[in-house]
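If you want the building blocks of each chain, they are given just below.
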Amino acid sequence: MQIDYFYPEYEVVRNKEKCTRCGLCVSQCSNHVHSYSEEHRRMITDDAKCVNCHRCVCVCPVGALKITGSNHQFKHNANWSRRTIMEIYSQAETGGVLLSSMGNPKDMPVYWDKILINASQVTNPSIDPLREPMETKVFLGSKPASIERDENGRIRNNLPPHIALDVPILFSAMSYGSISLNAHASLVHAAVDLGTCYNSGEGGLHDDFYRYSANTIIQVASGRFGVHKEYLEAGAAIEIKMGQGAKPGIGGHLPGNKIVGEISKTRMIPEGSDAISPAPHHDIYSIEDLRQLVYSLKEATGYKKPIIVKVAAVHNIASIASGIARSGADIIALDGFRGGTGAAPTRIRDNVGIPIELALASVDERLRQEGIRGNVSLIAGGSIRNSADVVKALALGADAVYIATGALVALGCHLCRGCHSGTCNWGIATQDPALVSRLDPEEGRRRLVNLVSAWTHEIKEMMGGMGINSIEALTGNRLMLRGVGLNAKELEVLGIMHAGE
Ligand code: SF4
Ligand code: SF4
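Computed from a prediction, not measured in an experiment: that's the story for all the values here.

**A short note on the overall build of the protein**
For step 1, the next point in the chain: On a plain count of helices and strands, the protein comes out with 16 helices and 21 strands.
For step 2, the next point in the chain: For 501 residues, the compact-globule formula gives about 23 Å, and the C-alpha radius of gyration of the protein, at 24 Å, lands near that figure.
For step 3, the next point in the chain: Along the three orthogonal principal directions, the C-alpha set of the protein runs to about 90 × 60 × 45 Å.
For step 4, the next point in the chain: Residue burial in the protein is summarised as follows: out of 501 residues, 46% are buried.
For step 5, the next point in the chain: For the protein, the share of sequence-separated contacts (at least 6 apart) that also reach a separation of at least 24 residues comes to 69%.

**Here's the deal with the site of ligand 1**
For step 1, the next point in the chain: Inspection of the region around ligand 1 gives 13 residues, with Cys 19, Cys 22, Leu 24, Cys 25 and Cys 60 positioned closest.
For step 2, the next point in the chain: Its residues assigned to classes, the shell around ligand 1 comprises nine nonpolar, two polar and two charged.

**Here we look at the sheet that holds strand E20 (residues 481-483)**
For step 1, the next point in the chain: One open sheet accounts for three strands, arranged E6-E20-E21; its pairing is mixed. On the outer flanks of this sheet lie strand E6 (115-117) and strand E21 (497-498), each paired with one strand and no other.
For step 2, the next point in the chain: Pairing between E20 and E21: two bridges, direction parallel. Residue pairing across strands places Arg 482 opposite Met 497, the latter belonging to E21.

**Observations concerning the site of ligand 2**
For step 1, the next point in the chain: If you check the shell around ligand 2, you find 15 residues, and the closest are Cys 413, Cys 416, Cys 419, Cys 424 and Ala 429.
For step 2, the next point in the chain: The residue inventory of the shell around ligand 2, partitioned by class, reads 11 nonpolar, three polar and one charged.

**A look at the sheet that holds strand E10 (residues 198-199)**
For step 1, the next point in the chain: In space, the eight strands of this open sheet follow the order E9-E19-E18-E16-E15-E12-E11-E10, with parallel pairing throughout. Two strands lie at the open edges of the sheet, namely strand E9 (169-171) and E10, each paired on one side alone.
For step 2, the next point in the chain: By the bridge criterion, five bridges tie strand E16 (residues 331-335) to strand E18 (residues 377-381) in an arrangement that is parallel. By the bridge assignment, Ile 332 is partnered in E18 with Leu 378.
For step 3, the next point in the chain: Lying on the sheet, helix H10 (residues 356-369) is in contact with E16 and E18; it crosses E18 at an angle near 170°.

**Section: the domain arrangement of the protein**
For step 1, the next point in the chain: The domain boundaries assigned to the protein delineate domain 1 (10-96) and domain 2 (116-120 + 128-498).
For step 2, the next point in the chain: Using only C-alpha atoms to locate each centre, domain 1 and domain 2 end up separated by 35 Å.

**Structural notes on H10**
For step 1, the next point in the chain: With 14 residues, H10 extends 20 Å from end C-alpha to end C-alpha; this agrees with the ideal 20 Å at 1.5 Å per step.
For step 2, the next point in the chain: The element H10 is largely enclosed, with a buried count of 10 among its 14 residues.
For step 3, the next point in the chain: Those residues of H10 not exposed but buried are Ile 356, Glu 357, Ala 359, Leu 360, Ala 361, Ser 362, Val 363, Asp 364, Glu 365 and Leu 367.
For step 4, the next point in the chain: Trailing H10 by a residue or two, Gly 371 shows a phi angle of about 70°, which is positive.

**Some remarks on the pairing of strand E12 (residues 237-241)**
If a strand is regular, its side chains alternate between the two faces of the sheet.
For step 1, the next point in the chain: With five of five residues buried, E12 is to be regarded as a mostly interior element.
For step 2, the next point in the chain: By the bridge criterion, four bridges tie strand E11 (residues 216-220) to E12 in an arrangement that is parallel. Residue Ile 218 lies in a different strand from E12, and its bridge partner there is Ile 238.
For step 3, the next point in the chain: Bridge analysis of E12 against strand E15 (residues 307-312) gives four bridges, and the strand direction is parallel. Residue pairing for E15: Glu 239 is matched across the bridge by Ile 308.

**Quick look at the nonpolar core**
For step 1, the next point in the chain: If you look at the biggest cluster of nonpolar residues, it comprises 133 residues, and the most contacted ones within it are Ile 332, Leu 334, Leu 360 and Val 401.
For step 2, the next point in the chain: The residues that make up this core include at least three from each of domain 1 (10-96) and domain 2 (116-120 + 128-498).
For step 3, the next point in the chain: Those residues within four positions of Leu 360 in sequence are excluded, and the remaining contacts are Leu 334, Leu 378, Ala 380, Ala 393, Leu 396, Gly 397 and Ala 398.

**A word on the packing of helix H8 (residues 317-325) against H10**
Helix packing for two helices is described by the angle between their axes and how far apart those axes are.
For step 1, the next point in the chain: Closest axis-to-axis distance for the H8/H10 pair is 8 Å, and the angle between their directions is 50°. It follows from the interaxial angle that H8 and H10 lie oblique. Of the two possible hands of crossing, H8 and H10 adopt the one that is right-handed. In this structure, H8 contributes Ile 317, Ala 318, Ala 321, Ser 322 and Ala 325 to the contact, and H10 contributes Ala 359, Ser 362, Val 363, Arg 366 and Leu 367.
For step 2, the next point in the chain: Looking at the contact of H8 with H10 residue by residue, the classes come out as seven nonpolar, two polar and one charged.

**Side note on the packing of helix H4 (residues 181-194) against helix H14 (residues 441-466)**
For step 1, the next point in the chain: The contact between H4 and H14 brings their axes to 8 Å, and the two run at 45°. For the element pair H4 / H14, the angle class is oblique. When the axes of H4 and H14 are compared, the crossing they make is right-handed. Along its contact with H4, which presents Asn 182, Ala 183, Ala 185, Ser 186, Leu 187, His 189, Ala 190, Asp 193 and Leu 194, the element H14 presents Pro 441, Gly 444, Arg 445, Leu 448, Val 449 and Val 452.

**Topic: the environment of Ser 277**
For step 1, the next point in the chain: Along the chain, Ser 277 falls in strand E14 (residues 275-277).
For step 2, the next point in the chain: Residues Ser 277 and Tyr 176, 101 residues apart in the sequence, show an inter-C-alpha distance of 14 Å.
For step 3, the next point in the chain: When sequence neighbours within four positions are dropped, the list of residues in contact with Ser 277 reads Glu 202, Ala 221, Ser 222, Gly 223, Gly 251 and Gly 252.

Each value, and the rule that gives it
Residues numbered from 1 in each chain as written. Chains lettered and ligands numbered in written order. Predicted model: local features only at pLDDT ≥ 70, side-chain atom pairs only at ≥ 80, totals over all residues. Helix = DSSP H or I, 4+ residues; strand = E, 2+ residues; numbered from the N terminus. Rg over C-alpha atoms; globule rule 2.2 N^0.38 Å. Buried ≥ 20, exposed ≤ 12 C-beta atoms within 10 Å, placed from the backbone. Contact = placed C-beta atoms within 7 Å. Near = placed C-beta within 6 Å. Nonpolar A, V, L, I, M, F, W, Y, C, P; charged D, E, K, R; others polar. Pairing = 2+ DSSP bridges. Axes fitted to C-alpha atoms, helices over the stretch in contact; angles between N-to-C directions. Domains from an automatic or database assignment. Expected span 1.5 Å × (residues − 1). Core = buried A, V, L, I, M, F, W, Y, C linked by C-beta atoms within 7 Å. Parallel < 35°, antiparallel > 145°, perpendicular 65-115°, else oblique. Left-handed = near helix turned anticlockwise from the far one by under 90°.

As structure tokens, this is what we get:
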């Protein structure tokens, strides 16, 4: 007898009184959860196929649907959770590596939630952002060690290349292929409207987006997909991807069934072939090797573009960052272990790397101690969820932050963690034309602009409350932070005092 161990995780509850049998949930669910049975003359659901993406719940015109946990109970066991048991069933069945998407969902410490922000009271006045100017512009790149003047006392204008952003928030790398063209278009146009940058990710740059170079960061990853001279010149900056917070130490894999049409053309690989990014760059095994690539890219682009090196937050991140800062790179992007991904082995995603808060604080401190903090700007990413996280990241030492999961949520993502399946019902992590068309790029642009504008407004209010009127004065200003419920070692690494001190 064949036993099915995989009983449903979710239960789709249909209110039969409300349901008009309009069929919208049937047509909208790419996982084929809903159907109409002619034989029984009623709507039926296949709970086992539900990934809890909430598409049907949102489109149902009469609010007839609800998704709940299936509530099948294992005998309570603090060591063997339902998830652990189901994962073993899955691997016992397939013999394969567990795959998942988006960020680490485990209940690990979120230090942002254990850090509080200061506010002015009585002795140091706060600033009203509605009446006084607040500077949110940031410049990312290497800063000169000293100001040089010509014989007339004018400052020599030979600064290293940099990116100027109107807000300290950039859209992080998401490749065309891992997300849809309409999702990319939403990010591109929102970046233009907001005066910031989006990031091509490692899949090359679609022809439609070459004209937005001032707002584009192009990425060079270990697979070198889509990399050619025009591509390198198409961005305001070039990012070398050495690692990603969601999967430190391993490469990437976009399955051949997603390498179709324009994606194959953009990546410059044949249709249907798997796009496998090796774990290491095969020409980089030391900081000296990295330096060679940094200068190759500078040479190829006339020393006009800042070079970003993106690394995952790992144990010795401060030493690694010190090496990168000496490699000639202009910007370091640090990606924490809660960062999202289109696909990653579940065990790696959930167990490798360190939180961005600790990595950022230790890198900023190390670079200051070594007197090389001005060599590079720092971008922090990996689960920045709201404007308070942004303010805390800046005060811990970041010059700007990367957001990706938050941006996708703004586009409609419901964090079902099924991106690797390619059947995203929200038109984001899919290449199915019918699904892609569900995401209107203009609507996506509007929602992203609203999100970042709202966050920027809140950042100004928090800065005003602290009596600070520019991002530059906030960056690395750890006196503005206090910890709650943190032990002495955590406070030491974060470089902040405990609340009440
Ligand atoms: S979308 Fe709502 S009303 Fe229409 S068939 Fe589905 S549950 Fe019923
Ligand atoms: S992008 Fe789509 S598939 Fe991925 S988590 Fe969000 S809703 Fe699910």
